[in-house]
Amino acid sequence: MPQSKPGKSSKSSTRVLVADDHGVTRFGLVQFLRNELDALTTHEAQRFDDALALLQSHTIDLAIFDLSIPGLASPADLAQVRDAWPAMKVVVLSGSAERADILTALAAGVHGYI
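Residues numbered from 1 in each chain as written. Predicted model: local features only at pLDDT ≥ 70, side-chain atom pairs only at ≥ 80, totals over all residues. Heavy atoms only, no water.

Caption draft 1: Region of the structure containing the nonpolar core. Counting 23 residues, the largest nonpolar core has Leu 17, Phe 48, Leu 55, Phe 65, Leu 78 and Val 81 as its most contacted members. Secondary-structure elements contributing two or more residues to this core are strand S1 (15-19), helix H2 (48-57), strand S3 (62-66), helix H3 (78-84) and strand S4 (89-93). Ranked by residue count, the leading element in this core is H2, at 5 residues. Discounting residues that sit within four places of it in the chain, Val 81 has contacts with Phe 48, Leu 52, Leu 55, Phe 65, Met 88 and Val 90. Formed by 9 residues, the second largest nonpolar core is a distinct cluster that contains Val 18, Leu 33, Leu 40 and Leu 62. (Core = buried A, V, L, I, M, F, W, Y, C linked by side-chain atoms within 4.5 Å. Buried < 20%, exposed > 50% of the residue type's maximum accessible area, 1.4 Å probe, protein only. Helix = DSSP H or I, 4+ residues; strand = E, 2+ residues; numbered from the N terminus. Contact = heavy atoms within 4.5 Å.)

Quick look at the structure:
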């Protein structure tokens, strides 16, 4: 019988969407999340429209978006995600350290910017 990691419940069922157009980034992030969260369900998208379709067809607890994913015109587009799924946590994972990108994403209601 597999044992839970210390401090983690074996009944966890975190459902995550990773939306990034870089396959290596998606793979690495998904593997990291699976190793850190028990019973993790993951969904992956390479385009913003694909991410929206997955959000419509699955229950997601946490969505992680690359700021430069194709189809995402600006960080402000994430406001539609927050409005449509208010209970879901939304995080931006980006290589951009531009102040304007960070502030626009936060103003759109994302819960974090990495």
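Still more to cover.
Caption draft 2: The side chain of Ser 94, seen in detail. Locating Ser 94 in the fold gives a position in the loop between S4 and helix H4 (99-107). Its relative accessible area of 18% is what places Ser 94 among the buried residues. Engagement of the side chain of Ser 94 in a polar contact is seen with the backbone nitrogen of Ser 96, the distance being 2.9 Å. (Polar contact = N/O pair within 3.5 Å; in protein donor to acceptor, adjacent residues only side chain to side chain.)

Caption draft 3: Representation of the sheet that holds S3. The 5 strands are arranged S2-S1-S3-S4-S5 in an open sheet whose pairing can be described as parallel. The sheet is open, and its two borders are formed by strand S2 (41-45) and strand S5 (112-113), each paired with just one other strand. Along the sheet, H2 contacts S1, S2 and S3; its crossing angle with S2, the most-contacted strand, is approximately 145 degrees. (Pairing = 2+ DSSP bridges. Axes fitted to C-alpha atoms, helices over the stretch in contact; angles between N-to-C directions.)

Caption draft 4: Inspection of the confidence of the model for the protein at higher detail. Of the residues in the protein, 88% have a pLDDT of 70 or more, and the chain-wide mean is 87. pLDDT under 50 marks residues 1-11. Its contacts with residues more than four places away, or in other chains, come to 11 contacts. (pLDDT = per-residue confidence, 0-100.)

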